[in-house]
Amino acid sequence: MPPVNLTSTTPATFILVGIPGMEQLHVWISIPFCTMYLAALLGNGVLLFTIWSERSLHQPMYLFLSMLAVADLTLSTAAVPKMLALFWFRAREISFGACLTQMFFLHFTCSAESVILVAMAFDRFVAICHPLRYGAVLTPAAVAKTGLVALLRSFCIIFPCIFLLKRLPFCEPNVILHTYCEHIGIARLACADISVNLWYGLAVPLAVVTLDIVLIAVSYVFILMALFRLPSRIACHKAFNTCGSHICVLVFFYVPAAFTALTYRFGWNIPHHIHILLANLYVVFPPLLNPVVYGVRTQQIREKVVKVFVCSKSHFLGE
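Residues numbered from 1 in each chain as written. Predicted model: local features only at pLDDT ≥ 70, side-chain atom pairs only at ≥ 80, totals over all residues. Heavy atoms only, no water.

Per an unreviewed UniProt entry, the chain goes by the name Olfactory receptor and belongs to Onychorhynchus coronatus. As stated in UniProt under Function (unreviewed entry), the record for the chain gives "Odorant receptor." As its UniProt record puts it under Sequence similarities (unreviewed entry), the chain is described as follows: "Belongs to the G-protein coupled receptor 1 family." (UniProt positions renumbered as here; feature names shortened; annotations may be inferred.)

Peer 1: Hey, could you run me through helix α7 (residues 195–227) in this one?
Peer 2: Residues separated by three or four positions in an α-helix point in the same direction, a consequence of the helix having 3.6 residues per turn. Over its 33 residues, α7 runs 47 Å from end to end, which matches the ideal 48 Å to within 8%, given 1.5 Å per residue. All of the buried residues along α7 are N197, Y200, G201, V208, D212, I216, S219, Y220, I223, A226 and L227. (Helix = DSSP H or I, 4+ residues; strand = E, 2+ residues; numbered from the N terminus. Expected span 1.5 Å × (residues − 1). Buried < 20%, exposed > 50% of the residue type's maximum accessible area, 1.4 Å probe, protein only.)

Peer 1: What's the story with the layout of surface pockets in this structure? I'm lost.
Peer 2: It is a probe the size of a water molecule, rolled over the atoms, that shows where empty space is left. The volume enclosed by the second largest pocket comes to roughly 520 Å³. Around the second largest pocket, the lining is made up of 20 residues, and of these R124, K238, A239, T242 and Q300 lie nearest the centre. Elements with a contribution of two residues or more to the lining of the second largest pocket: α2 (60–89), α3 (96–129), α8 (233–266) and α10 (299–317). It is α8 that contributes the most residues to the lining of the second largest pocket, six residues altogether. Here the lining of the second largest pocket is composed, by residue class, of eight nonpolar, seven polar and five charged. (1 Å grid on protein atoms, 1.4 Å probe; cavity = no way out; pocket = protein on both sides within 12 Å on 5 of 7 lines; lining within 4 Å. Points joined across faces, edges and corners; volume = space filled by probe spheres on them. Nonpolar A, V, L, I, M, F, W, Y, C, P; charged D, E, K, R; others polar.)

Peer 1: Even after reading the chapter, I still don't get the nonpolar core, so can you show me in this structure?
Peer 2: Where a protein is soluble and globular, its nonpolar side chains tend to be buried together. Residues F14, L65, L117 and I186 are the most contacted members of the largest nonpolar core, which totals 87 residues. For L117, the residues in contact, after removing those within four places along its chain, are L68, I216, H246, V249, L250, F253 and Y254. (Core = buried A, V, L, I, M, F, W, Y, C linked by side-chain atoms within 4.5 Å. Contact = heavy atoms within 4.5 Å.)

Peer 1: Explain the state of the cysteines here, please?
Peer 2: One way to say it: the disulfide is the covalent bond shared by the sulfur atoms of two cysteines. According to the stated counting rule, one finds two disulfides in the structure shown. Across a sulfur-sulfur distance of 1.9 Å, C99 and C181 are joined as a disulfide pair. Residues C99 and C181 share a disulfide whose torsion about the S-S bond is about -115°; that sign makes it left-handed. Pair noted here: C99 is in helix α3 and C181 is in the loop between β3 (175–176) and α6 (183–187), with a separation of 82 residues, a long-range link. On the accessibility criterion, C181 (0% relative accessible area) is buried. With a sulfur-sulfur separation of 1.5 Å, C171 is cross-linked through a disulfide to C191. One end of the pair, C171, is in the loop between α5 (140–166) and β3; the other, C191, is in the loop between α6 and α7, and 20 residues separate them in sequence. We classify C171 as partly exposed; its relative accessible area is 34%. Judged by relative accessible area, C191 falls into the partly exposed class, the value being 36%. (Disulfide = S-S within 2.5 Å.)

Peer 1: Can you help me understand the pattern of salt bridges in this one?
Peer 2: Pairing between side chains becomes possible if they bear opposite charge and their charged atoms approach one another. Evaluation of the coordinates by the stated rule reveals two salt bridges. For D212, the salt bridge identified is with R153, shortest N-O distance 2.8 Å. Highlighted residues: D212 in helix α7 and R153 in helix α5, separated in sequence by 59 residues. Take D212: its relative accessible area is 3%, and that puts it in the buried class. Note on R153: relative accessible area 23%, which makes it partly exposed. (Salt bridge = Lys/Arg side-chain N within 4 Å of Asp/Glu carboxyl O.)

Peer 1: Teacher, can you tell me more about the pairing of strand β1 (residues 13–16) here?
Peer 2: Two faces belong to every sheet, and in a regular strand the side chains alternate between them. Where burial is concerned, the two faces of β1 differ: the one with F14 and L16 is buried and the one with T13 and I15 is not. As defined by bridge partners, β1 adjoins strand β2 (residues 93–95) across three bridges and the pair is classed as antiparallel. Directly across from T13, in β2, lies its bridge partner S95. (Pairing = 2+ DSSP bridges.)

Peer 1: Even after reading the chapter, I still don't get the environment of E23, so can you show me in this structure?
Peer 2: Within the secondary structure, E23 is located in the loop between β1 and α1 (26–53). In this structure E23 comes out as partly exposed when scored by relative accessible area, which is 39%. On a C-alpha basis, the gap between E23 and E93 in space is 15 Å, while along the polypeptide they are 70 residues apart. At a separation of 3.1 Å, a polar atom in the side chain of E23 contacts the main-chain amide nitrogen of G21. (Polar contact = N/O pair within 3.5 Å; in protein donor to acceptor, adjacent residues only side chain to side chain.)

Peer 1: I tried to follow the UniProt feature "transmembrane region" (unreviewed entry) in the chain on my own but got confused; where do I start?
Peer 2: UniProt's feature table lists "transmembrane region" (unreviewed entry) at residues 27–49, 61–80, 100–122, 142–165, 198–227, 239–262 and 274–294, given in the numbering used throughout. Secondary structure across residues 100–122 divides into 100% helix and 0% strand, with the first and last C-alpha atoms of the span separated by 33 Å. A distance of 30 Å separates the end C-alpha atoms of residues 274–294, which is 100% helix and 0% strand.

Peer 1: Before we go on, may I ask you to explain the side chain of H183 in this structure?
Peer 2: The residue H183 is located in helix α6 in this model. When its relative accessible area of 3% is taken as the criterion, H183 is described as buried. Engagement of the side chain of H183 in a polar contact is seen with the side chain of N197, the distance being 3.2 Å. The contacts of H183, once residues within four sequence positions are left out, are M103, H107, C161, L165, N197 and G201.

Peer 1: I would appreciate a short explanation of the confidence of the model for the chain in the present structure.
Peer 2: Caution applies to low-pLDDT parts of the model: their predicted coordinates are not meant to be read in detail. Of all residues in the chain, 92% have pLDDT values of 70 or greater, and the mean over the chain is 88. Confidence drops under a pLDDT of 50 for residues 1–7, and excluding neighbours within four residues, the segment shows zero contacts in the predicted structure. (pLDDT = per-residue confidence, 0-100.)

Written out as structure tokens, the structure reads:
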């Protein structure tokens, strides 16, 4: 009996193809993605700096917003630099460990961001429906515990994916038809039954995200009921503005995520390069738009951004 080739069970590296069928356009495709990534870094960086610098913004709503900005930065940074290296320098190889690490942080951040969006919806619910109890319910300790829950829940959901992948034997060629590593894409390279990976990768995140969406929907049903009972039009308009910003962020996060996940698994008639382009847009589009939406729609954020940078400029010039 010939000896078993054990080198195939744990590959040293994977090869990232990029966008199949569009390899000649990689450099041109990289330009908008690089621009959006740099804009996302700038926007979220400005948002974090402003919230950190202004003590008046050390409130639950803005602390949750800073958590969202950190999650956005992590999401885009986990995928885009490697994508640009692939497009610019043809750095297609990625080690097995680095691939699993990238996969973990991408899925982990998406899960954590979903928890943060639930927390932001609850924040608006308490602020509008129970304003007198806002300070007692959303204390600094409660905000910190929410951040811890987001981290722990995401870790418990995503960490098993690493073991589900490491137990699989892989056969050459270890070519991933994508610009980054994700759970099902890696699992499909295995020389074994991956039904557990498929069921876990679909059922668990779907169940968790569905629960989050239900909680957000329930919060907004109560919020809308309370808004229609407000006697003051000014107060109602202000509440609608802050809720409108959050609803825009919810749409930017959940709609592309659902569309990408469903087309990747069930959209067999959609060309593969469209799947990859949509998946790449998902890691830069919400991080790009979230700070813009809050900066444009939230007056307090706009005013504090101007104040912080005017003060910083005056201090720098020695005025």
